[in-house]
Protein chains: 2
Amino acid sequence: MRRDVFQAIADPTRRAIIALIALQAMTPNALAEHFDTSRQAVSKHIKILTECELVRQEQSGREIYYHFNPTKMKEIDQWLEKFRALWEDRFSQLDNVLLNLKNK
Amino acid sequence: MRRDVFQAIADPTRRAIIALIALQAMTPNALAEHFDTSRQAVSKHIKILTECELVRQEQSGREIYYHFNPTKMKEIDQWLEKFRALWEDRFSQLDNVLLNLKNK
DNA sequence: TATTTGCGCAACCAATTAGTTGCATTTATA
DNA sequence: TATAAATGCAACTAATTGGTTGCGCAAATA
(Lines give C-alpha, C1' and ligand atoms only; values in the text may rest on other atoms or scores of the structure.)
Protein backbone atom coordinates (compact mmCIF):
# COMPACT_ATOMS: atom_id res chain seq x y z
CA MET A 1 0.00 0.00 0.00
CA ARG A 2 1.51 3.28 -1.14
CA ARG A 3 1.45 5.79 1.67
CA ASP A 4 3.22 9.06 1.10
CA VAL A 5 2.41 12.66 1.92
CA PHE A 6 1.44 13.46 -1.66
CA GLN A 7 -1.19 10.75 -1.73
CA ALA A 8 -2.30 11.78 1.75
CA ILE A 9 -3.01 15.41 0.87
CA ALA A 10 -4.74 14.46 -2.39
CA ASP A 11 -8.05 14.02 -0.62
CA PRO A 12 -9.93 17.25 0.24
CA THR A 13 -11.34 15.81 3.46
CA ARG A 14 -7.84 14.96 4.64
CA ARG A 15 -6.64 18.48 3.82
CA ALA A 16 -9.55 19.81 5.87
CA ILE A 17 -8.62 17.51 8.76
CA ILE A 18 -5.06 18.79 8.63
CA ALA A 19 -6.28 22.38 8.65
CA LEU A 20 -8.44 21.71 11.69
CA ILE A 21 -5.89 19.91 13.84
CA ALA A 22 -3.17 22.37 12.87
CA LEU A 23 -5.10 24.88 14.97
CA GLN A 24 -5.90 22.48 17.79
CA ALA A 25 -5.48 18.77 18.52
CA MET A 26 -8.79 16.95 18.22
CA THR A 27 -10.44 13.59 18.83
CA PRO A 28 -11.99 11.58 15.96
CA ASN A 29 -15.49 12.34 17.23
CA ALA A 30 -14.82 16.06 17.43
CA LEU A 31 -13.37 15.98 13.92
CA ALA A 32 -16.29 14.01 12.50
CA GLU A 33 -18.70 16.73 13.62
CA HIS A 34 -17.11 19.01 11.04
CA PHE A 35 -17.94 16.68 8.15
CA ASP A 36 -20.91 15.00 6.57
CA THR A 37 -19.37 11.56 6.91
CA SER A 38 -19.28 9.02 9.70
CA ARG A 39 -16.70 8.89 12.46
CA GLN A 40 -15.33 5.70 10.96
CA ALA A 41 -14.74 7.41 7.64
CA VAL A 42 -12.87 10.19 9.41
CA SER A 43 -10.89 7.61 11.38
CA LYS A 44 -9.83 5.98 8.14
CA HIS A 45 -8.52 9.32 6.91
CA ILE A 46 -6.70 9.84 10.19
CA LYS A 47 -5.15 6.39 9.85
CA ILE A 48 -3.73 7.33 6.47
CA LEU A 49 -2.46 10.66 7.82
CA THR A 50 -0.88 8.86 10.77
CA GLU A 51 0.79 6.24 8.60
CA CYS A 52 2.56 8.92 6.60
CA GLU A 53 3.39 10.80 9.81
CA LEU A 54 1.43 13.95 9.03
CA VAL A 55 -0.43 13.28 12.26
CA ARG A 56 0.62 12.07 15.72
CA GLN A 57 -1.65 10.66 18.39
CA GLU A 58 -1.79 11.33 22.08
CA GLN A 59 -3.85 8.97 24.20
CA SER A 60 -5.79 10.48 27.08
CA GLY A 61 -7.96 7.91 28.79
CA ARG A 62 -10.36 6.53 26.23
CA GLU A 63 -9.94 9.59 24.03
CA ILE A 64 -7.25 9.99 21.41
CA TYR A 65 -6.11 13.46 20.49
CA TYR A 66 -4.67 13.78 17.02
CA HIS A 67 -1.97 16.36 16.49
CA PHE A 68 -0.63 17.85 13.32
CA ASN A 69 3.01 17.08 12.56
CA PRO A 70 4.27 20.09 10.57
CA THR A 71 7.73 18.60 10.08
CA LYS A 72 6.39 16.12 7.57
CA MET A 73 4.93 18.92 5.48
CA LYS A 74 8.46 20.01 4.75
CA GLU A 75 8.75 17.08 2.36
CA ILE A 76 6.20 18.73 0.13
CA ASP A 77 7.90 22.06 0.51
CA GLN A 78 11.22 20.53 -0.47
CA TRP A 79 9.71 18.98 -3.58
CA LEU A 80 8.20 22.34 -4.52
CA GLU A 81 11.57 23.96 -3.98
CA LYS A 82 12.85 22.49 -7.24
CA PHE A 83 10.20 24.37 -9.19
CA ARG A 84 9.91 27.53 -7.15
CA ALA A 85 12.55 29.31 -9.17
CA LEU A 86 10.50 28.74 -12.30
CA TRP A 87 7.57 30.80 -11.11
CA GLU A 88 9.39 33.32 -8.98
CA ASP A 89 11.53 34.41 -11.91
CA ARG A 90 8.60 34.43 -14.26
CA PHE A 91 8.71 38.16 -14.74
CA SER A 92 12.24 37.95 -16.05
CA GLN A 93 13.14 34.61 -17.57
CA LEU A 94 9.78 32.96 -18.11
CA ASP A 95 8.14 35.87 -19.86
CA ASN A 96 10.90 35.71 -22.43
CA VAL A 97 10.30 31.99 -22.83
CA LEU A 98 6.61 32.64 -23.44
CA LEU A 99 7.38 35.38 -25.93
CA ASN A 100 9.65 33.00 -27.80
CA LEU A 101 6.90 30.42 -27.97
CA LYS A 102 4.38 32.92 -29.27
CA ASN A 103 6.68 34.16 -32.01
CA LYS A 104 7.48 30.69 -33.31
CA MET B 1 -14.44 13.95 -12.06
CA ARG B 2 -12.31 15.68 -9.46
CA ARG B 3 -9.32 17.29 -11.07
CA ASP B 4 -7.18 19.49 -8.93
CA VAL B 5 -3.43 19.93 -8.54
CA PHE B 6 -3.33 17.96 -5.32
CA GLN B 7 -4.86 14.91 -6.94
CA ALA B 8 -2.62 15.42 -9.96
CA ILE B 9 0.65 15.34 -8.01
CA ALA B 10 -0.47 12.38 -5.90
CA ASP B 11 0.75 9.95 -8.54
CA PRO B 12 4.54 9.35 -8.58
CA THR B 13 4.61 8.90 -12.37
CA ARG B 14 2.95 12.28 -12.81
CA ARG B 15 5.47 13.90 -10.48
CA ALA B 16 8.23 12.34 -12.57
CA ILE B 17 6.61 13.67 -15.76
CA ILE B 18 6.48 17.14 -14.23
CA ALA B 19 10.13 16.93 -13.23
CA LEU B 20 11.10 15.93 -16.77
CA ILE B 21 9.18 18.56 -18.68
CA ALA B 22 10.17 21.26 -16.20
CA LEU B 23 13.65 20.91 -17.64
CA GLN B 24 12.56 20.62 -21.24
CA ALA B 25 9.29 20.36 -23.17
CA MET B 26 8.74 16.82 -24.43
CA THR B 27 6.46 14.73 -26.63
CA PRO B 28 4.45 11.79 -25.23
CA ASN B 29 6.70 9.30 -27.02
CA ALA B 30 9.85 10.89 -25.63
CA LEU B 31 8.32 10.88 -22.16
CA ALA B 32 7.19 7.26 -22.38
CA GLU B 33 10.78 6.18 -22.98
CA HIS B 34 11.56 7.22 -19.42
CA PHE B 35 8.98 4.87 -17.94
CA ASP B 36 8.10 1.20 -17.90
CA THR B 37 4.56 1.85 -19.04
CA SER B 38 3.00 2.29 -22.45
CA ARG B 39 2.76 5.58 -24.33
CA GLN B 40 -1.00 5.53 -23.82
CA ALA B 41 -0.60 5.29 -20.06
CA VAL B 42 1.73 8.29 -20.14
CA SER B 43 -0.73 10.16 -22.35
CA LYS B 44 -3.45 9.55 -19.80
CA HIS B 45 -1.27 11.10 -17.13
CA ILE B 46 -0.54 14.05 -19.38
CA LYS B 47 -4.25 14.48 -19.96
CA ILE B 48 -4.84 14.75 -16.22
CA LEU B 49 -1.95 17.20 -15.85
CA THR B 50 -3.31 19.25 -18.75
CA GLU B 51 -6.84 19.33 -17.34
CA CYS B 52 -5.59 20.84 -14.10
CA GLU B 53 -3.34 23.22 -16.04
CA LEU B 54 -0.04 21.95 -14.69
CA VAL B 55 0.89 21.29 -18.30
CA ARG B 56 0.38 23.20 -21.56
CA GLN B 57 0.65 21.78 -25.05
CA GLU B 58 2.28 23.14 -28.14
CA GLN B 59 1.46 21.47 -31.42
CA SER B 60 4.27 21.18 -33.92
CA GLY B 61 3.23 19.20 -36.99
CA ARG B 62 2.22 15.76 -35.91
CA GLU B 63 4.14 16.10 -32.66
CA ILE B 64 2.83 17.67 -29.47
CA TYR B 65 5.26 19.20 -27.05
CA TYR B 66 4.12 19.32 -23.47
CA HIS B 67 5.35 22.20 -21.35
CA PHE B 68 5.34 22.61 -17.61
CA ASN B 69 3.18 25.42 -16.26
CA PRO B 70 4.87 26.56 -13.05
CA THR B 71 2.18 29.14 -12.27
CA LYS B 72 -0.25 26.41 -11.28
CA MET B 73 2.22 25.01 -8.77
CA LYS B 74 1.77 28.18 -6.78
CA GLU B 75 -1.61 26.84 -5.65
CA ILE B 76 0.19 24.15 -3.71
CA ASP B 77 2.68 26.64 -2.37
CA GLN B 78 -0.13 28.89 -1.20
CA TRP B 79 -1.79 26.03 0.62
CA LEU B 80 1.52 25.16 2.30
CA GLU B 81 1.92 28.79 3.30
CA LYS B 82 -0.71 28.38 6.01
CA PHE B 83 1.40 25.76 7.73
CA ARG B 84 4.88 27.02 6.99
CA ALA B 85 5.00 29.10 10.16
CA LEU B 86 4.35 25.95 12.20
CA TRP B 87 7.54 24.24 11.15
CA GLU B 88 9.72 27.28 10.73
CA ASP B 89 9.05 28.48 14.27
CA ARG B 90 9.15 25.00 15.73
CA PHE B 91 12.29 25.74 17.74
CA SER B 92 10.56 28.57 19.54
CA GLN B 93 6.77 28.30 19.71
CA LEU B 94 6.15 24.65 18.94
CA ASP B 95 8.61 23.28 21.46
CA ASN B 96 6.71 25.12 24.16
CA VAL B 97 3.46 23.69 22.88
CA LEU B 98 4.92 20.19 23.08
CA LEU B 99 6.22 20.81 26.60
CA ASN B 100 2.76 21.92 27.66
CA LEU B 101 1.23 18.76 26.26
CA LYS B 102 3.75 16.55 28.03
CA ASN B 103 3.06 18.20 31.39
CA LYS B 104 -0.67 17.65 31.16
C1' DT C 1 -21.85 -3.33 38.87
C1' DA C 2 -24.44 -2.13 34.71
C1' DT C 3 -24.55 1.13 31.10
C1' DT C 4 -22.88 4.50 28.11
C1' DT C 5 -19.20 6.52 25.45
C1' DG C 6 -15.05 6.71 22.42
C1' DC C 7 -12.53 4.26 19.63
C1' DG C 8 -10.32 0.73 16.30
C1' DC C 9 -10.93 -3.22 13.36
C1' DA C 10 -13.04 -6.14 9.77
C1' DA C 11 -16.15 -7.04 6.08
C1' DC C 12 -18.41 -5.36 2.48
C1' DC C 13 -19.67 -2.10 -1.59
C1' DA C 14 -19.69 1.40 -5.35
C1' DA C 15 -16.85 4.57 -7.71
C1' DT C 16 -12.47 5.81 -9.30
C1' DT C 17 -7.90 4.92 -10.96
C1' DA C 18 -4.02 3.33 -13.59
C1' DG C 19 -3.15 0.35 -16.68
C1' DT C 20 -3.96 -2.40 -21.06
C1' DT C 21 -5.20 -3.27 -26.20
C1' DG C 22 -7.26 -1.90 -30.46
C1' DC C 23 -8.46 1.57 -33.69
C1' DA C 24 -8.89 6.05 -36.30
C1' DT C 25 -6.68 10.30 -37.75
C1' DT C 26 -3.24 13.32 -39.20
C1' DT C 27 1.45 14.34 -40.70
C1' DA C 28 5.92 13.04 -42.45
C1' DT C 29 8.56 10.24 -45.55
C1' DA C 30 9.95 6.62 -49.16
C1' DT D 1 0.78 7.84 -53.77
C1' DA D 2 1.65 4.22 -50.38
C1' DT D 3 3.66 3.58 -45.98
C1' DA D 4 5.33 4.72 -41.54
C1' DA D 5 5.14 7.47 -37.42
C1' DA D 6 2.90 10.31 -33.62
C1' DT D 7 -0.96 10.91 -31.30
C1' DG D 8 -5.78 10.82 -29.23
C1' DC D 9 -9.89 8.22 -28.16
C1' DA D 10 -12.75 4.26 -26.66
C1' DA D 11 -13.49 -0.10 -24.44
C1' DC D 12 -12.12 -3.10 -21.14
C1' DT D 13 -9.84 -4.80 -16.62
C1' DA D 14 -7.67 -5.25 -12.04
C1' DA D 15 -6.49 -2.73 -8.10
C1' DT D 16 -7.32 1.01 -5.10
C1' DT D 17 -10.21 4.27 -2.77
C1' DG D 18 -13.66 6.33 0.18
C1' DG D 19 -17.51 5.15 2.10
C1' DT D 20 -20.76 2.17 4.85
C1' DT D 21 -22.39 -1.07 8.76
C1' DG D 22 -21.57 -4.19 12.50
C1' DC D 23 -18.73 -5.62 16.06
C1' DG D 24 -15.66 -5.84 20.26
C1' DC D 25 -12.97 -3.60 23.78
C1' DA D 26 -11.55 -0.35 27.19
C1' DA D 27 -12.62 3.73 29.90
C1' DA D 28 -15.93 6.80 32.02
C1' DT D 29 -20.21 7.26 34.42
C1' DA D 30 -24.85 6.28 36.61
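Looking at an unreviewed UniProt entry, chain A carries the name ArsR family transcriptional regulator, with the source organism given as Runella aurantiaca.

A few words now on the overall build of chain A. Within chain A, the regular secondary structure consists of 6 helices and 2 strands. Going from N to C terminus, chain A has its helices and strands arranged as α-α-α-α-β-β-α-α. Burial status across chain A gives 41% buried among its 104 residues. A fraction of 46% describes how many contacts in chain A between residues 6 or more apart in sequence connect residues 24 or more apart. For chain A, the computed accessible surface area is about 6,200 Å², with 48% contributed by carbon and sulfur atoms.

Note on placement: Arg-15 of chain B falls in helix H2 (residues 12-23). Buried within the structure, Arg-15 of chain B lacks any salt-bridge partner; its nearest side chain of opposite charge belongs to Asp-4 of chain A, at an N-O separation of 4.0 Å. Ignoring sequence-local partners within four residues, the contact set of Arg-15 of chain B consists of Asp-4, Phe-6 and Trp-79 of chain A together with Ile-9 and Ala-10 of chain B.

In this section: the protein's contact with DNA strand D. Around DNA strand D, 23 residues are found, and the nearest of them are Ser-38, Lys-44 and His-45 of chain A together with Thr-27 and Tyr-66 of chain B. For DNA strand D, the fraction of atoms within 4 Å of the protein that belong to sugar or phosphate moieties is 61%. His-45 of chain A is positioned such that a nitrogen or oxygen atom in its side chain is 2.3 Å from a phosphate oxygen of DNA strand D. Contact between DNA strand D and Arg-39 of chain B: a base oxygen at 3.3 Å from a side-chain N or O atom of the residue. The set of elements that each furnish at least two residues to the surface near DNA strand D consists of helix H4 (39-51) of chain A together with helix H3 (28-32), helix H4 (39-51) and strand S2 (63-68) of chain B. The class makeup of the residues in the surface near DNA strand D is 4 nonpolar, 10 polar and 9 charged.

This paragraph deals with the protein's contact with DNA strand C. Lining the immediate environment of DNA strand C, one finds 25 residues, of which Arg-62 and Tyr-66 of chain A together with Ser-38, Lys-44 and His-45 of chain B sit closest. Within 4 Å of the protein, the contacting atoms of DNA strand C are drawn from sugar and phosphate to the extent of 64%. Between DNA strand C and the protein, one listed contact pairs a base oxygen with a side-chain N or O atom of Arg-62 of chain A at 2.5 Å. With respect to DNA strand C, the side chain of Arg-14 of chain B contributes an N or O atom lying 3.2 Å from a phosphate oxygen. For the surface near DNA strand C, the secondary structure elements donating two or more residues are helix H3 (28-32), H4 and strand S2 (63-68) of chain A together with H4 of chain B. By residue number, the principal contributor to the surface near DNA strand C is H4 of chain B, which donates 5 residues. Here the residues of the surface near DNA strand C are counted per class, giving 6 nonpolar, 10 polar and 9 charged.

So, about the pairing of strand S1 (residues 55-60) of chain A. Across 6 bridges, the pairing between S1 of chain A and S2 of chain A is antiparallel. Each bridged residue has a counterpart across the sheet, and for Ser-60 of chain A the counterpart in S2 of chain A is Glu-63 of chain A.

A word on H4 of chain A. All names here are of chain A. For H4, with 13 residues, the first-to-last C-alpha span of 18 Å sits near the 18 Å given by 1.5 Å per residue. Turning to H4, its buried residues number three or more, namely Val-42, His-45, Ile-46, Ile-48 and Leu-49. When H4 is viewed along its axis, its buried side chains cluster within an angular range of 160° and face the same direction. Those residues of H4 that are exposed and angled more than 90 degrees off the buried face are Lys-44 and Lys-47. Those residues of H4 that are buried lie in contact with helix H1 (5-8), helix H2 (12-23), H3, S1 and S2. Just downstream of H4, Glu-53 is the residue with a positive phi angle, here 65°.

Rules and cut-offs
- In this numbering scheme, every chain counts its residues from 1 along its sequence in written order.
- By the order in which they are written, chains take letters starting at A while ligands take numbers starting at 1.
- Owing to the predicted nature of the model, reporting of local features is limited to residues with pLDDT of at least 70; listing and counting of side-chain atom pairs is limited to 80 or more, with chain, interface and lining totals taken over all residues.
- To obtain the side-chain values, all non-hydrogen atoms of the structure were used and water was disregarded.
- Runs of E in the DSSP output that reach at least two residues are strands. Runs of H or I that reach at least four are helices, and both are numbered from the N terminus.
- Burial classes: relative accessible area under 20% of the type maximum marks a residue as buried, over 50% as exposed, and values in between as partly exposed (1.4 Å probe, protein chains only).
- In what follows, a contact means two residues having at least one pair of non-hydrogen atoms within 4.5 Å.
- In these tables, accessible area is a Shrake-Rupley quantity obtained with a 1.4 Å probe, and a residue counts as shielded only by the protein chains included in the view.
- Charge assignment in this entry is limited to Lys and Arg as positive and Asp and Glu as negative, and neither His nor the chain termini are counted.
- Think of a salt bridge as a Lys or Arg side-chain nitrogen and an Asp or Glu carboxyl oxygen that are within 4 Å of each other.
- If a single non-hydrogen atom of a residue is within 4 Å of a molecule or strand, that residue counts as near it.
- Polar contacts, as counted here, are pairs of nitrogen or oxygen atoms within 3.5 Å of one another; within protein the pair requires one atom able to donate a hydrogen and one able to accept it, and residues that are adjacent in sequence qualify only if both atoms are side-chain atoms.
- Residue polarity is assigned by list, with Asp, Glu, Lys and Arg as charged and Ala, Val, Leu, Ile, Met, Phe, Trp, Tyr, Cys and Pro as nonpolar; anything else, Gly included, falls into the polar class.
- Strands are treated as partners if at least two bridges between them are detected by DSSP.
- Expected span, for any helix, means 1.5 Å times one less than how many residues it has.
- This arc is taken over the directions from the axis of the helix to the C-beta atoms.

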